[in-house]
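Structural overview for review
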Number of protein chains: 2
Amino acid sequence: MPTESAMNGGIGTESYAKNSRYQGGAVETAKEIITEGINKNLDIEKLSSTSVDTFRIADFGCSTGPNTFIAIQTIVEAVRKKFETELSDSRVPEFQVFFNDRTSNDFNTLFASLPPERKYYAAGVPGSFYERQFPKDSLHFAHSSCTLNWLSVMPQEILDNSSPAWNQGKIMYSGEKKEVLNAYALQYAKDLDSFFKARAQELVCGGLMALVVPTVPNPNHDLSSITFPSYDLLGTCLIELAERGRFDAAKVDSFNLPVYYTYPNELKAIIEKNQDFRIERIEVLNIPSKHHTNPDPKAYSLTQRAVFEGLLQEHFGSEFMDELFDLYTEKIEETAVLLNPKETSMVTFVLLKRVFRMT
Amino acid sequence: MPTESAMNGGIGTESYAKNSRYQGGAVETAKEIITEGINKNLDIEKLSSTSVDTFRIADFGCSTGPNTFIAIQTIVEAVRKKFETELSDSRVPEFQVFFNDRTSNDFNTLFASLPPERKYYAAGVPGSFYERQFPKDSLHFAHSSCTLNWLSVMPQEILDNSSPAWNQGKIMYSGEKKEVLNAYALQYAKDLDSFFKARAQELVCGGLMALVVPTVPNPNHDLSSITFPSYDLLGTCLIELAERGRFDAAKVDSFNLPVYYTYPNELKAIIEKNQDFRIERIEVLNIPSKHHTNPDPKAYSLTQRAVFEGLLQEHFGSEFMDELFDLYTEKIEETAVLLNPKETSMVTFVLLKRVFRMT
């Protein structure tokens, strides 16, 4: 079953719009590096020789804002400035920006919150970014932030109780159980390959793609150190709800978070396998601590709720969500899991250029 | 105040999606004539010499479907066939379709009901079609059906009790009171001028525009015969609600339907004033009677509710809507207004070509 759920819609207490400060931190931090990347790597002479009247930008996995608007603003401003400086004011193209996310994303909220002073034409594009969403050679810049950790689908063996990769009683992979980790990693590589193949068709030659990818650090020797205590804790809460009789324990066995955190070396290898893109820059972003995983249990719980509630609701039913996240908040507090140095989330920035292909 | 309300969203009993059969009749009837128009008037040799890789279509005032999907399907198929026949299969471009409507339109419902088998890339574009919504020269075909009867704003004098155009106790113009009619007509001409000016920028030279415009017949001698008994009846219901103490009678004075029904000769004159477009065809559509104004009072009342409820709610409050439309259904029955030959709604089809301008 493909994972069809989107971030929480609307602008209420549990919405993604109100609980995406961490993701916002990544966007803030990437601003400068994106501007630099455009200055250095966007070849507007070449682009404008193919008569670019409209410069088209897409944000893949935009959710409901406001982070997407900040990222887009950065890109538009940097491109505009480059045209003004290197060509002339009169050669600045018009901008058309496409906000892409799954069909279940709350586009109504996104559209209602479009910045009124924007200097671009806006459009929403519903559909999975693991497939083609745009005509051939129709984009000049692609962006995606904090989205390339979502699997398009859960690998079947994870749910198969006869498979060594069956992830019983857990909702996330870890380095402890290699078969599970491998199944996740394989699916991830497949998904990213689809992503890059689709974007290679959509981007013009010379077009740029800026990705902010949620990652873990490069593992030292083996992968057994990989662990996600805060997700495991959410799994524990689900098991406790099953014990309280809210649903069958088997429901927890059949639920897994469809997210995978790659690490810089693996990400690099996946990109290099696809020969349509050249890596112009890859580096781990240093997100200032004010944006970091909020050590306040309630706030952290809300952040996770905004991201995962749709998915959890679909599987367990919406009636248990308050109880689940209340319990989760409690357990975060009890276990002090957020202070656990074992869990290191970070983001990796990649700037890619669509290169000419012979085939 | 600009009129910001959209058709009723969702897919429930009172939704536009479920109550737009009449508008659907217009789309069905226009199918053949649009296909003919594309065959005869779309100069693909010229378009493809300017290297059209992507053929871009926009539907202005798309609402939530399904009518918009039928219209778009017709256009895509006709253009595809023309490329196949006149050039070759391999020269058929990819299609990108933009669904435009006001920001308050229910785009979530629209996106969820996109035909899965569609052969085009879809995007939603929120914003008033009386303003620019697309980059310069970025569209090859524009379509709009049953939308060019909405005023962008109510003319001030209609609401001004010191003006001869004050429309006291009425919610719609009629030929009886010339000042009111003139104020509506003037605003309409201004709005259409804005519409054509915006589209002239957005369409490439040689691009086509197909419009299905709600109209009344050309008046014979003077305009005094123009009357809308079914809207007047809705006004009577509002007055009755005021008498029941639901709201102040002055609320009815300050409410007017922001719709104007032009007539073919007037429409032609407005278009001809704008020199960016050439009229390739203009004719009154003969909508088969099965699609006509439904003589069933309940169904007719629902159709009007799907269209006007947003607007009425905003002005009178949502708590009176059931009462209002129940009363309306009753009164339609009592007065047999739908059988009144005085009210003749019809639609006029116009096919325009964007011509080359010297300025």
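The rules behind the values
- Sequence order sets the numbering: in each chain, residues are counted from 1 along the sequence as written.
- Here chains are named by letter from A upward and ligands by number from 1 upward, in the order in which they appear as written.
- Local features are withheld for residues below a pLDDT of 70 in this predicted model, meaning they are given only at 70 or higher, and side-chain atom pairs are given and counted only at 80 or more; totals for whole chains, interfaces and linings count all residues.
- Hydrogens and water are ignored here; the side-chain numbers use all heavy atoms of the structure.
- UniProt positions are given in the numbering used here, feature names are shortened, and annotations may be inferred rather than shown by experiment.
- Numbering goes from the N terminus for both helices and strands, where a helix is a DSSP run of H or I of at least four residues and a strand is a run of E of at least two.
- The globule rule used for comparison is 2.2 Å times the number of residues to the exponent 0.38, while the radius of gyration itself is calculated over C-alpha atoms.
- With a 1.4 Å probe rolled over the protein chains alone, any residue whose accessible area is under 20% of its type maximum counts as buried; one over 50% counts as exposed, and the rest are partly exposed.
- In this analysis, two residues are considered to be in contact whenever any of their non-hydrogen atoms come within 4.5 Å of each other.
- For every accessible area listed, the method is Shrake-Rupley and the probe measures 1.4 Å; residues are considered covered only by the protein chains on display.
- Counted as positive: Lys and Arg. Counted as negative: Asp and Glu, with His and the chain ends omitted from the count.
- By convention, the charge on Lys lies at NZ, on Arg at CZ, on Asp at CG and on Glu at CD.
- Note on terms: buried area is the combined drop in 1.4 Å-probe accessible area of two parts once they are placed together, counting the loss on both.
- Here a salt bridge means any side-chain nitrogen of Lys or Arg lying within 4 Å of a carboxyl oxygen belonging to Asp or Glu.
- In the analysis that follows, any N or O atom pair within 3.5 Å is treated as a polar contact, provided that within protein one partner can donate a hydrogen and the other can accept it, and provided that, for residues neighboring in sequence, both atoms belong to side chains.
- All copies are superposed by least squares; the fitting set is the C-alpha atoms of residues with a pLDDT of at least 70 in both.
- Orientation is described by axes fitted as lines to C-alpha atoms, over the contacting stretch for helices, and by angles from 0 to 180 degrees between their N-to-C directions.
- Should an angle fall under 35 degrees it is called roughly parallel, over 145 degrees roughly antiparallel, and 65 to 115 degrees roughly perpendicular, with every other angle called oblique.
- Handedness of a helix crossing follows the sense of rotation of the near helix relative to the far helix, less than a right angle counterclockwise being left-handed and clockwise being right-handed.
- The classification used treats Ala, Val, Leu, Ile, Met, Phe, Trp, Tyr, Cys and Pro as nonpolar, Asp, Glu, Lys and Arg as charged, and all other residues, Gly among them, as polar.
- The criterion for an aromatic pair is that two Phe, Tyr or Trp rings (for Trp, the six-membered ring) have centres within 6.5 Å, with stacked assigned to planes under 30 degrees apart, edge-to-face to planes over 60 apart and tilted to the rest.
- In a helix, the anticipated span is given by 1.5 Å times the number of residues less one.
- We define the nonpolar core as a collection of buried residues of types Ala, Val, Leu, Ile, Met, Phe, Trp, Tyr and Cys that are connected through side-chain atoms lying within 4.5 Å of one another.
- The pLDDT value expresses, per residue, how confident the predictor is, ranging between 0 and 100.
- Like charges are joined within 9 Å and nonpolar side chains (Val, Leu, Ile, Met, Phe, Trp, Tyr) within 5 Å, but only among residues with over 30% relative accessible area and no salt bridge; these make up the patches.

Per an unreviewed UniProt entry, the recorded name for chain A is Loganic acid methyltransferase, and the organism is Olea europaea. What UniProt records for chain A under Sequence similarities (unreviewed entry) is the sentence "Belongs to the methyltransferase superfamily. Type-7 methyltransferase family."

Some words on the overall build of chain A
Per the secondary structure count, chain A includes ten helices and seven strands. Expected size for 359 residues packed as a compact globule is a radius of gyration near 21 Å; at 21 Å, chain A falls within 12% of this value. In chain A, buried positions account for 58% of the 359 residues. Within chain A, counting contacts between residues at least 6 apart in sequence, those at least 24 apart form 84% of the total. Carbon and sulfur atoms make up 49% of the accessible area of chain A, which amounts to about 14,900 Å² in all. Computed over 36 positive and 48 negative side-chain charges, the inter-centroid distance for chain A is 6 Å.

A short note on the interface of chain B and chain A
Taken together, the 25 residues of chain B in the interface contact 25 residues of chain A. The junction of chain B with chain A conceals about 2,000 Å² of combined surface from both sides, 55% of it contributed by carbon and sulfur atoms. The three residues of chain B that bury the most area against chain A are B:F111, B:Y121 and B:P135, which together make up 26% of that side's buried surface. On inspection of chain B and its partner chain A, the count reaches two salt bridges. B:E94 is paired through a salt bridge with A:R132; the nearest N and O atoms lie 3.2 Å apart. There are twelve residue pairs in polar contact (both at pLDDT 80 or more) connecting chain B and chain A. Top contributing element to the side of chain B that touches chain A by residue count: strand β3 (residues 121-126) of chain B, with six residues.

Focus on the relation of the copies chain B and chain A
When chain B is brought onto chain A, the operation consists of a screw motion whose angular component is 180° and whose axial shift is 0.0 Å, with 0.0 Å RMSD remaining. Here the symmetry operator amounts to a two-fold rotation axis. Relative to the rotation axis, the C-alpha of B:G124 is the closest in chain B, positioned 2.5 Å from it. Counting the interface residues of chain B, we find that 100% of their copies in chain A are interface residues as well, pointing to one common contact surface.

Describing the environment of A:E319
All names here are of chain A. Take E319: it is sitting in the loop between α9 (297-316) and α10 (321-335). For E319, a relative accessible area of 57% puts it in the exposed group. Considered as a pair, E319 and R246 are 73 residues apart in the sequence and their alpha carbons are 9.4 Å apart.

A short note on the packing of helix α1 (residues 21-41) of chain A against helix α3 (residues 67-86) of chain A
To describe two helices that pack against each other, one gives the angle between their axes and the distance between the axes. Residue and element names in this part refer to chain A. One can describe the packing of α1 onto α3 by two numbers: an axis separation of 9 Å at closest approach and a directional angle of 15°. Of the possible angle classes, the one that applies to α1 and α3 is roughly parallel. Of the two possible hands of crossing, α1 and α3 adopt the one that is right-handed. Residues Q23, G24, V27, E28, K31, I34, T35, I38 and N39 of α1 lie in contact with α3, whose contacting residues are N67, I70, A71, T74, I75, A78, V79 and K82. Residue composition of the contact of α1 with α3, grouped by class: eight nonpolar, six polar and three charged.

Describing the packing of aromatic side chains
If you walk through the whole model with that rule in mind, you get 55 aromatic pairs over all chains. When the centroid spacing of 4.9 Å and the interplanar angle of 90° are considered together, the rings of A:F111 and B:F107 count as edge-to-face. Of this pair, A:F111 sits in helix α4 (residues 107-112) while B:F107 sits in helix α4 (residues 107-112), placing the two residues on different chains. One exposure class covers both A:F111 and B:F107, and it is buried.

Things to note about the pattern of salt bridges
Residues and elements named next belong to chain A. In this structure the tally under the stated criterion is 36 salt bridges over all chains. Note that R80 and E77 form a salt bridge whose closest N and O atoms lie 3.9 Å from each other. Taken together, the positions of R80 and E77, both in helix α3 and three residues apart, correspond to about one turn of that helix. For R80, a relative accessible area of 17% puts it in the buried group. For E77, a relative accessible area of 29% translates into the label partly exposed. One salt bridge in this structure joins R278 and E280, with 2.9 Å as the shortest N-O distance. Overlapping salt bridges bring together E240, R244, R246, E323 and K331 as one network.

Concerning α9(A)
All names here are of chain A. The end-to-end C-alpha separation of α9 is 23 Å, well short of the 28 Å expected for 20 residues at 1.5 Å each. Within α9, 15 of the 20 residues are buried, which leaves the element mostly enclosed by the surrounding structure. G317, located one to two residues past α9, shows a positive phi value of around 100°.

Regarding the nonpolar core
The biggest cluster of nonpolar side chains holds 150 residues, and the ones touching the most others in it are A:Y173, A:F196, B:Y173, B:F196 and B:L312. When sequence neighbours within four positions are dropped, the list of residues in contact with B:Y173 reads B:N167, B:V180, B:L181, B:Y184, B:I226, B:F228, B:V259, B:Y260 and B:Y261. Within the second largest apolar cluster, 80 residues are counted, among which are A:F69, A:F111, B:I44 and B:V79.

Remarks on the confidence of the model for chain A
All names here are of chain A. A residue-level look at chain A finds 93% of positions with pLDDT of 70 or above and a mean pLDDT of 90. Mean pLDDT across the elements of chain A ranges from a minimum in helix α2 (residues 44-49), with 75, to a maximum in strand β3 (residues 121-126), with 98. With a pTM of 0.91, the predicted complex shows an ipTM of 0.90.

Quick word on a negative patch on the surface
On the surface, A:D296, A:D326, A:E330, A:E333 and A:E334 cluster together to form a negatively charged patch. Note on placement: A:D296 falls in the loop between β6 (277-285) and α9.

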